[in-house]
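Spelled out, the chains give:
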Amino acid sequence: QDETQLGGVQAFLDAGEEARFVEELPMKLGIIDERTVLIAMPDPIAGRDDITTLVIEHPHLARTLKLGFESVWATGMTFEQACKHLDIPVSSQAG
């Protein structure tokens, strides 16, 4: 509900990006060209705020994880839906 974050999201949407909002994600995930996967996970040994990022080049894994991403995406709320859910006035969305 931070105004700076709202403005940042709105700027990406205004530039043509798409966004969905869900309550929780198990990890940060990037899939590049359906061939390479980047997975960022908390590092339980290094410390509380540290992450370990895995880069895996494997087309079958990338396509499988893409299915999972699309499943979560389909359940996510749009920016407008998320703002309504959080009782954020529409006027606060403008940057």
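Residues numbered from 1 in each chain as written. Predicted model: local features only at pLDDT ≥ 70, side-chain atom pairs only at ≥ 80, totals over all residues. Heavy atoms only, no water.

**Some remarks on unusual backbone geometry**
Apart from glycine, the bulk of residues carry a negative phi angle, and the bulk of peptide bonds sit in the trans form. Cut-off, in case you're wondering: Runs of H or I in DSSP of at least four residues are treated as helices and runs of E of at least two as strands, each being numbered from the N terminus.
Phi at E34 is positive, roughly 50°, even though this residue is not glycine. Along the chain, E34 falls in the loop between β1 (28–32) and β2 (36–42). Of note, the phi angle at D87 is positive, near 60°, even though the residue is not glycine. As for its placement among the helices and strands, D87 is situated in the segment after α3 (79–85).

**Here's the deal with the pattern of salt bridges**
As a reminder, the rule being used: One side-chain nitrogen of Lys or Arg within 4 Å of one carboxyl oxygen of Asp or Glu is enough to make a salt bridge. The buried label goes to any residue with under 20% of its type's maximum accessible area, the exposed label to any with over 50%, and the partly exposed label to all in between, with areas taken from a 1.4 Å probe on protein chains only.
Summed over the entire model, instances satisfying the criterion amount to two salt bridges. Put simply, K66 and E34 hold a salt bridge, and the shortest N to O gap is 2.4 Å. A residue pair is termed long-range when its members are at least 10 positions apart, and K66 in helix α2 (residues 59–75) and E34 in the loop between β1 and β2 qualify at 32 residues. Overall, K66 belongs to the partly exposed group, its relative accessible area being 28%. With a closest N to O distance of 3.9 Å, E70 and K66 form a salt bridge. Of this pair, E70 and K66 both sit in helix α2, separated by four residues, roughly a single helical turn. The exposure class assigned to E70 is partly exposed, which follows from its relative accessible area of 37%. Three or more residues joined by partner-sharing salt bridges are found here, namely E34, K66 and E70.

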